[in-house]
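Each chain, written out:
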Amino acid sequence: MDPKKLLVVLCALVGLACGAGSSAAREEPAASRPPVVQQAPVQKPVQGAVELGETVDLKAGETTEVASKDVSIRFARLVSDSRCAEGMVCVWEGEAVIELTLAEPGRGERTTAALASTGRGGSQSVEFAACRVDLVAVSSGGDQVTLQVSKA
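Now for a description of the structure that goes with this document.

Digging into the overall build of the chain
Right, on to step 1. Looking only at helices and strands, the chain has 1 helix and 9 strands in total.
Right, on to step 2. Mapped in sequence order, the helices and strands of the chain form the string α-β-β-β-β-β-β-β-β-β.
Right, on to step 3. In the chain, buried positions account for 32% of the 152 residues.
Right, on to step 4. Once local pairs closer than 6 in sequence are excluded, the contacts in the chain between residues at least 24 apart make up 44%.

So, the sheet that holds strand S9 (residues 144–151)
Neighbouring strands of a sheet are bound in pairs by backbone hydrogen bonds; such pairs are parallel or else antiparallel.
Right, on to step 1. Strand order in the open sheet formed by 4 strands is S2-S9-S8-S7, with antiparallel pairing between adjacent strands. With partners counted over all chains shown, the strands left at the sheet margins are strand S2 (55–59) and strand S7 (125–128), one partner each. Adjacent strand axes in the sheet meet at a mean angle of 30° when their direction is disregarded.
Right, on to step 2. Inspection of the sheet shows S7 paired to strand S8 (residues 131–138) by 4 bridges, in the antiparallel sense. From the neighbouring strand, Glu127 faces S8, where its bridge partner is Arg132.

Focus: the side chain of Ser150
Right, on to step 1. Here Ser150 is to be found in strand S9.
Right, on to step 2. For Ser150, a relative accessible area of 18% puts it in the buried group.
Right, on to step 3. In this structure Ser150 touches Leu52, Gly53, Ala130, Cys131, Arg132 and Asp134, once residues within four positions along its chain are discounted.

Digging into the pattern of salt bridges
Right, on to step 1. A complete count under the given rule lists 5 salt bridges for this structure.
Right, on to step 2. Where Glu93 meets Arg120, a salt bridge forms, and the shortest distance between an N and an O atom there is 3.4 Å. Placement of Glu93 in the loop between strand S4 (71–81) and strand S5 (96–104) and of Arg120 in the loop between strand S6 (109–116) and S7 is noted, with a sequence separation of 27 residues between them.
Right, on to step 3. Salt-bridge contacts for Arg132 lead to Asp134; the nearest nitrogen and oxygen are separated by 3.0 Å.
Right, on to step 4. When its relative accessible area of 30% is taken as the criterion, Arg132 is described as partly exposed.

Some points on the pairing of S6
Right, on to step 1. With 8 bridges joining them, S5 and S6 adopt antiparallel strand pairing. Following the sheet pairing, Glu104 is matched in S6 by Glu109.
Right, on to step 2. Here S5 folds back onto S6 in antiparallel fashion, the turn holding 4 residues, of which Gly108 has a positive phi close to 75°.

Some details on the pairing of S4
Right, on to step 1. Taking burial as the measure, the 11 residues of S4 include 8 buried ones, the bulk of the element.
Right, on to step 2. With 4 bridges joining them, strand S3 (residues 63–66) and S4 adopt antiparallel strand pairing. Its bridge partner lying in S4, Thr64 is registered against Ile73.
Right, on to step 3. Joining the antiparallel neighbours S3 and S4 is a turn of 4 residues, in which Ser68 adopts a positive phi near 70°.

About the criteria used
Residues numbered from 1 in each chain as written. Predicted model: local features only at pLDDT ≥ 70, side-chain atom pairs only at ≥ 80, totals over all residues. Heavy atoms only, no water. Helix = DSSP H or I, 4+ residues; strand = E, 2+ residues; numbered from the N terminus. Buried < 20%, exposed > 50% of the residue type's maximum accessible area, 1.4 Å probe, protein only. Contact = heavy atoms within 4.5 Å. Pairing = 2+ DSSP bridges. Axes fitted to C-alpha atoms, helices over the stretch in contact; angles between N-to-C directions. Salt bridge = Lys/Arg side-chain N within 4 Å of Asp/Glu carboxyl O.

See below:
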């Protein structure tokens, strides 16, 4: 067989063996790993106010208020994380999905939203009470997020 064709076939087999969206090398089979779900810690204090157009970093369980709005944003938890671990060679970058709780206490409104880091598995932003919240980044451990808050 032609060496180029052999290389293409081997690459295809490696891709199939790894599965779509997974790393090219795993230390343990996916079936034996427990799903990545972090429970939200006890409510942490408010991290101050964020102005429209600014970014804010929140750790799991932390809340921020939107200045000039009666809106609070809480990073509830990391729902899932299929991103490539450090030191691994991956076929696909993977994706982290987080859960936010948005509230407008003055009106008694409250909602939860799941945001995805790449947008493949869900939205990267949510609109609530004339505010738009975009997921900018999720830390490698999934315990901190960077959000951009702007006018909807």
